[in-house]
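Chain by chain, the residues:
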Amino acid sequence: MGFISLGCPKNLVDSEVMMGLLDRAGARLTAHPEEAEILIVNTCSFIDTAKQESVDTILEMARHKTSGSAKRLIVAGCLVERYRDEIQKSIPEVDAVVGTGELEAILEAAGLATPTAAPSLFNILSGSGQAEVRPGQESRAATHKAEVANSRAEGDLREQQGRFRRDDWQGATHLLPTYLYDETTPRFLTTPRSSAYIKIAEGCDHPCTFCVIPNLRGKFRSRRFESVVAEAQQLVARGVQEITLIGQDTTCYGEDLGLKDGLALLLDALAGIEGLRWLRFLYAYPNRITTRLLETIARHDNICKYLDVPLQHASPDLLKRMKRGAGAGIFLKTLDKVRAAVPGIALRTSFIVGFPGESSSDFALLEEFIQEARFDWLGVFNYSDEEGSGAFSLDAKVPKRTIEARKRRLMKLQQSISKRAKQQWVGRELVLLAEGESDETPLLWEGRTQFHAPEIDGKVYINDFGDLETLEPGRFYNAEITEAHEYDVVARVVSGPL
Ligand code: SF4
């Protein structure tokens, strides 16, 4: 069986759950897609380019049904939620589809629903490399019961207002996903041995007009507190030392469970797990960064001094059209508060350029804000006009050329900000997680500090191992930053492994 996971870490966790279920049912892995009997593509459908990549990958895998040994092609994920019927109609090679709310249906789709089903070849082709089975995975509980989904008043209200409606999505089911995995669900980790993601919540109740994720993933729902803690304990027992908490909005965690400051409480509990060296969360919503959350980050040595808060824009007018609210002034105050509470914290954000109605003065305001805010890491996305999103029907669409030009300008601006900031790193001694040889040259290794989240931020190149012959991937070292480039830095190992 072959498995390709596209899209974000949240989709990767879904892939790991499906692979875990298949693994438990007896599926085996091979690194050669042409040998796989069953091919699975877990798709992303967030924006146009992601949809295109998903379709291209499905078509590429469909070719293995004629030229390889593939007998079955399964499409899973967000594209299925959007175009369930259409996929099979337009690509007849597709034998089955599995939506984001029915991950366990992957077994039936693969013909492995019964425990006696014959093992098959299993191949991983995800962006993060070839997967491996970790000790203990095979012996996980034989039956899984999905968690019962909760809801928040905000989500119920938005549902009444039609936020999650799919009525005009031809070929999509009207049923919203409600699935949540739990600590008893088998997961087949595809991340490097020392790191893992935990999805603490699913879905989203926010009304952002550019975003169709709530329509694809359903209403916000948190996993049980104890379930997340138990999963983290299991991961650490298996050798994981870095956990990254994810969800569409991690800062809403626990609101549907009646918890106040749920994420802070969860971080507090997880930080106490012995052997967990780095803990972080991604995707904070700006108005939910509470004092208690910041105090929790500051209090624990093993909570990374890192905050990812996608702001999307800085112009109050545009943020209003996006149905997100706030603006540069409020954001700057929030950032000041964050930096005061957690000195030295690394800040990551992302912006959308070319949202309908983005005038040159809106854009100038965004540039000014970026200058002032001085983010450590910044992503810029082109607005993508998604059918079914609130913004689809908005007027004053921005021409594609202008969008491209604005993106280039922001990246250039950030490049100079980042270069100056990274120069301040030179001479600092930091704890470094060695990840392995660089893809660019075997002469260099790559690593990350607590200020780098997996996959998304700049790199630390290691060109000097100090007194050591070599390094071990997945181990931590003390290292000194010796050079700085635009986004990346160079380090030499001082001591370790820690
Ligand atoms: S917070 Fe906004 S952008 Fe993020 S998933 Fe929810 S609706 Fe989409």
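Report follows, based on the coordinates. Just so you know, these numbers come straight off a predicted model, no measurement behind them.

Rules and cut-offs
- Residues numbered from 1 in each chain as written.
- Predicted model: local features only at pLDDT ≥ 70, side-chain atom pairs only at ≥ 80, totals over all residues.
- Heavy atoms only, no water.
- Helix = DSSP H or I, 4+ residues; strand = E, 2+ residues; numbered from the N terminus.
- Rg over C-alpha atoms; globule rule 2.2 N^0.38 Å.
- Buried < 20%, exposed > 50% of the residue type's maximum accessible area, 1.4 Å probe, protein only.
- Pairing = 2+ DSSP bridges.
- Axes fitted to C-alpha atoms, helices over the stretch in contact; angles between N-to-C directions.
- Core = buried A, V, L, I, M, F, W, Y, C linked by side-chain atoms within 4.5 Å.
- Near = heavy atom within 4 Å.
- Nonpolar A, V, L, I, M, F, W, Y, C, P; charged D, E, K, R; others polar.
- Expected span 1.5 Å × (residues − 1).
- Arc of directions from axis to C-beta.
- Contact = heavy atoms within 4.5 Å.

As a further point, take the overall build of the protein chain. When helices and strands are counted, the protein chain shows 14 helices and 18 strands. A compact globule built from 498 residues should have a C-alpha radius of gyration of about 23 Å, and the protein chain, at 23 Å, falls within 12% of that. Dimensions along the principal axes, computed over C-alpha positions, put the protein chain at roughly 60 × 60 × 45 Å. Here the protein chain holds 498 residues, and the buried ones make up 57% of them.

A few words on unusual backbone geometry. Peptide bonds are, in most cases, trans, and in most cases residues other than glycine have a negative phi. That bond from Gly 496 to Pro 497 is cis: its omega, 0 degrees, falls within 30 degrees of zero. One non-glycine residue, Asp 261, adopts positive backbone phi at about 55 degrees. Mapped onto the fold, Asp 261 is located in the loop between strand E9 (242-246) and helix H9 (262-271). Despite not being glycine, Lys 323 has its phi angle at roughly 60 degrees, a positive value. Relative to the assigned elements, Lys 323 resides in the loop between helix H11 (316-321) and helix H12 (328-341).

As for its position among the elements, Tyr 197 is in strand E6 (residues 195-199). As for Tyr 197 and Val 240, which are separated by 43 residues in sequence, their C-alpha atoms are 9.9 Å apart.

Strand order in the closed barrel formed by five strands is E14-E15-E16-E18-E17, with mixed pairing between adjacent strands. Pairwise comparison of adjacent strand axes, ignoring direction, gives a mean angle of 55 degrees for this sheet. Bridge count between strand E16 (residues 460-464) and strand E18 (residues 489-495): four bridges; the pairing is parallel. Bridging across to E18, Tyr 461 finds its partner in Val 490.

What follows is about the nonpolar core. A general tendency of soluble globular proteins is for nonpolar side chains to be buried together. Counting 127 residues, the largest nonpolar core has Leu 22, Ile 243, Leu 245 and Phe 369 as the members making the most contacts within it. Here the element with the most residues in this core is helix H1 (residues 9-24); it accounts for seven residues.

Moving on, we come to the site of the ligand. In the region of the ligand, the neighbouring residues are Arg 163, Cys 204, His 206, Cys 208, Phe 210, Cys 211, Pro 214, Gln 248, Tyr 285 and Arg 324. Along the lines of polarity and charge, the residues of the shell around the ligand split into six nonpolar, two polar and two charged.

A word on helix H13 (residues 360-373). Taking 1.5 Å of rise per residue, 14 residues should cover 20 Å, and H13 covers 20 Å from first to last C-alpha, within 8% of that figure. Of all the positions in H13, only Asp 362, Phe 363, Leu 366, Glu 367, Phe 369, Ile 370 and Ala 373 are classed as buried. Within H13, the buried residues cover an arc of 160 degrees as seen down the axis, which keeps them to one side. Exposed and oriented more than 90 degrees from the buried face of H13 are Ser 360, Ser 361, Glu 368 and Glu 372. Summarising the contacts, the buried residues of H13 are in contact with H11, H12, strand E12 (346-353), strand E13 (377-382) and helix H14 (400-423). Arg 374, located one to two residues past H13, shows a positive phi value of around 50 degrees.

Strand order in this open sheet of three strands is E11-E12-E13, and the pairing throughout is parallel. In this open sheet, the two strands that pair with only one neighbour each are strand E11 (306-308) and E13. For this sheet the average axis-to-axis angle between neighbouring strands, irrespective of direction, equals 15 degrees. Pairing of E12 with E13 involves six bridges; the strand directions are parallel. Across the sheet, residue Val 353 finds its bridge partner in E13, namely Asn 382. Sitting on the sheet, H14 is in contact with E12 and E13, with an inclination near 175 degrees to E13.

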